[in-house]
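As a plain string of letters, each chain reads:
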Amino acid sequence: MLDKEIKKQLRVLDSADALLLLLSGADVTELSQRDVDAIARQYRKLSTVADCKIAYLSNHTIAPLDRSVEVASLLENIFVESYIGEYDQYFQEILGSSSGCQLFKPDVIFLDLTLRALAPAIFDGFLSLSDQQREDELNRILGLISDWVELAKEQTDAVLVVSNFSRPARVQAGVADAKLKLSEVEFYHRLNLELQKLFIEDVRTHVFDMDHVMSCAGKSLAQEPKMYYLAKMEWTERAVVVVAEHLQRMVSAILGRTKKCLVLDLDNTLWGGVVGEDGIEGLSIGEGSPEGEAFYDLQRYVCVLKERGVLLAICSKNNLQDIEEVFQQRDEMVLKLKDFSAVKINWQRKHTNIEEIAKELNIGLDSLVFVDDNPVECELVRQMLPEVTTVELSSDPSDYVSQLKALSVFEKLVLTDEDRQKTLQYAQNSKRESLRRDIKDINSFYESIGTEVSIDVAEEKHKARVHQLFTKTNQFNLTTMRYSIADVQRFIEEEDWDLHVTHVKDNFGDLGVVGLYLIDKNSSDVRIDSFILSCRAMGRGIETAMMNKIKQDYLLNDSVGKISATYLATAKNKPVSDFYGSEGFCVVDEADDESSEKKYVINKQVAQLRTCSGITVRGI
Amino acid sequence: MSINSTINALIADVLNLNEDEVNGELSPENTEYWDSMAHLTMVTAIEEECDVKLTMNDVQSIKCVDDIYQIVQKYMA
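Nothing here was measured: the structure is a model prediction, and the numbers come from that model.

Visitor: What exactly am I supposed to notice about the packing of helix α9 (residues 131-155) of chain A against helix α10 (residues 184-198) of chain A here?
Guide: Residue and element names in this part refer to chain A. Direction vectors running N to C along α9 and α10 enclose 30°, while the axes themselves pass 11 Å from each other. By the angle class used here, α9 and α10 are roughly parallel. Along this stretch, α9 crosses α10, giving a crossing that reads as right-handed. Counting all contacts with α9, which are made through Arg134, Glu135, Leu138, Ile141, Leu142, Ile145 and Ser146, the residues of α10 involved are Phe187, Arg190, Leu191, Glu194, Leu195 and Leu198.

Visitor: Please explain unusual backbone geometry as it appears in this structure.
Guide: Leaving glycine out, the prevailing phi sign among residues is negative, and the prevailing peptide bond configuration is trans. Residue and element names in this part refer to chain A. Cis geometry marks the peptide bond from Ala63 to Pro64, where omega comes out at 5°. Its location among the elements puts Pro64 in the loop between β1 (52-58) and α4 (65-74). The phi torsion at Asp88 lies on the positive side, around 65°, for a residue other than glycine. Mapped onto the fold, Asp88 is located in the loop between β2 (80-84) and α5 (90-95). Judged by its relative accessible area of 38%, Asp88 falls in the partly exposed class. One non-glycine residue, Lys105, adopts positive backbone phi at about 50°. Within the fold, Lys105 resides in the loop between α6 (100-104) and β3 (108-112). Classification of Lys105 as exposed rests on a relative accessible area of 61%.

Visitor: Is there a simple way to think about the interface of chain B and chain A in this case?
Guide: For an interface, size is often stated in terms of accessible area lost upon the parts coming together. Across the contact, 22 residues belong to chain B and 21 residues belong to chain A. With both sides pooled, the region where chain B packs onto chain A buries about 1800 Å², and carbon together with sulfur makes up 53% of that total. Broken down residue by residue, the surface that chain B buries against chain A is led by Asp13(B), Met37(B) and Leu40(B), which jointly contribute 31%. Our enumeration of links across chain B and chain A arrives at six salt bridges. A salt bridge links Lys53(B) to Glu224(A); the shortest N-O distance between them is 3.4 Å. At the boundary of chain B with chain A, the tally comes to 10 residue pairs in polar contact (both at pLDDT 80 or more). Those elements that place two or more of their residues in the side of chain B that touches chain A are α1 (3-15), α2 (36-50) and α3 (56-61) of chain B. Counting residues per element, the side of chain B that touches chain A draws most heavily on α2(B), at eight residues.

So, how was this worked out
- Numbering of residues begins from 1 in every chain and follows the order in which that chain's sequence is written.
- All chains are assigned letters beginning with A, and all ligands numbers beginning with 1, in the order in which they are written.
- Per-residue local features of the predicted model are confined to residues with pLDDT of at least 70, and side-chain atom pairs are confined, for both listing and counting, to 80 or more; whole-chain, interface and lining totals are unaffected and use all residues.
- The basis for every side-chain value is the complete set of non-hydrogen atoms in the structure, without hydrogens or water.
- Structural elements are reduced to axes, namely lines fitted to C-alpha atoms, with helices fitted over the stretch in contact, and the angle between N-to-C directions of any two is expressed from 0 to 180 degrees.
- In this description a helix means any DSSP run of H or I spanning at least four residues, a strand means any run of E spanning at least two, and both kinds are numbered starting from the N terminus.
- Angle categories are assigned with fixed cut-offs, so that under 35 degrees is roughly parallel, over 145 is roughly antiparallel, 65 to 115 is roughly perpendicular, and the rest are oblique.
- The hand of a helix crossing depends on one turn: near helix anticlockwise from the far one by less than a right angle means left-handed, and clockwise means right-handed.
- Contact definition: two residues touch when any of their heavy atoms are within 4.5 Å.
- Residue exposure (1.4 Å probe, protein chains only): buried if accessible area is under 20% of the type maximum, exposed if over 50%, otherwise partly exposed.
- Throughout, the accessible surface (probe 1.4 Å) given up by two parts as they are put together, summed over both, is called the buried area.
- We define a salt bridge as a contact between a side-chain nitrogen of Lys or Arg and a carboxyl oxygen of Asp or Glu at a distance within 4 Å.
- For this analysis, a polar contact is any N or O atom pair within 3.5 Å, provided that within protein one partner can donate a hydrogen and the other can accept it, and provided that sequence-adjacent residues contribute only side-chain to side-chain pairs.

From the geometry alone we can't say anything about function, so treat these as descriptive.
Written out as structure tokens, the structure reads:
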């Protein structure tokens, strides 16, 4: 709840930064609808560039969900702009080229339909239908939604989020429902399951589990009949908050605002007690005490995050040897030292250690989440490294798992095989690092790891990973074009574009698809639109192998006279600012401030392939 | 705090006004932010804060702030 003083200040704010600053100092847990309205009112007056434009299409009154999602997103530093489609015109909105939705050009369309209007026979006439009629209704609803999705994909570039159907708090047959041949409970289960199956392979369409969200809100508390009759509002204020929270998670995932690494403290965070004081046997972890069980469950949940592709790191003020003994001697520990991709156990300041962890894993500070029970350490990290998301654990270990589950920063739309293997890959990377120290000369190192690169035309199966590379790669990304999944589809299908993906294997393992480049063949010469390499694969000549392939395909084997390319500077891609220069391109145009944009070109006459030691390239 | 001043605070909050700007004559016609959505937000806020439940008829019969005072008074008596 926002207090009066904050609200007073809110009214006179004139910039998004000031708004974020004010909210960061306010208690934003359990905002009332009035608070949300007050924030949204002010937010909408400010001129912000939207990170995500959401259109809501529905057959009931969707407001004030739009404002709640704007505020929930704002608190995660995401600027959302909203459009609410005309009531019950979810087909018209995507069909007419001059409809409000089309003119709005949404990044995301949220379709939420209530069966009350879509299938009244089911909603309050279930018992008068025969089993066959129930089947027919089920198929009709699925058909209608899949028609809508197909049209929306054809007519717009938006990512589609489609709600499933919330089973009402009370079923029409009462307790006898379970004895019906096709019961109402089964009807909703099947409808929702079929809906999920319909889009399971569809990277552009995502089912929003409204039935689950309404359960979280409490179904009997989520609806107020009065509000439906008065204004066709399906949800109470309390329910809107829960819908907004879940939808915000979807938005984070769609935008790829996913944090990569969880940095954990040890004493009183991963186990109860302090090693230096309580001794190894004195620590609480595992069965035997309520506290121990809570820490055990926390470790189990950290493992779940690891399975989701989150890297783990330790940042603890301790003696390394003591900690190694804890991991060796306490069998109850779910986590093992090898689960951590970076380990900093020393007496340095925590923010220094966190910076080193980021450097070691080759990821940005804003990809880190730091968890500690000590308010002082948390505050220091917040002050020194504001880019890091800092989670201060409460004083009660039984809350820790809920605190981590409440974070929306680890949300992803799809878990790819690469995600599941990531810890393994980073572990292999540190093996590669350690090998590097023993080898005098960089070329002999490259040869020793036996890198095998294959560069192929992107296909349907690469779509999810390609989209992930476009949205998540920051460092080795020459133009940082954040293309949508619809764009990726176009690049794969259309003649004017060549999209290539780079797959890498070496003696230590399979790194999967780690890079891509996108060539625009629209104009007379050939233009490199995007050139991306995951940070896991940087610094070993793979980029040169990719560039060789480009030169080979277009300049040496084809009649193209020259290739143009652009470097667009961001806060993170400085390391590749002269990549094209180093590959033999000449600068033709440089912006005055020399930092924002550089245009390059390479002519057929001067193009040469460069050697990349130790790399075997397939596909050339 | 009297019940009317509780109501005034809630109304001010919803309609983006200072509390001293709220009076019995305020209505959708003379108040910028009093639209149909704000109307329902006010009702929900008053139901929660004053621990009353308004009927559908009550909600429809509110034409100005005075009406709100009277309806809430009816349930508090």
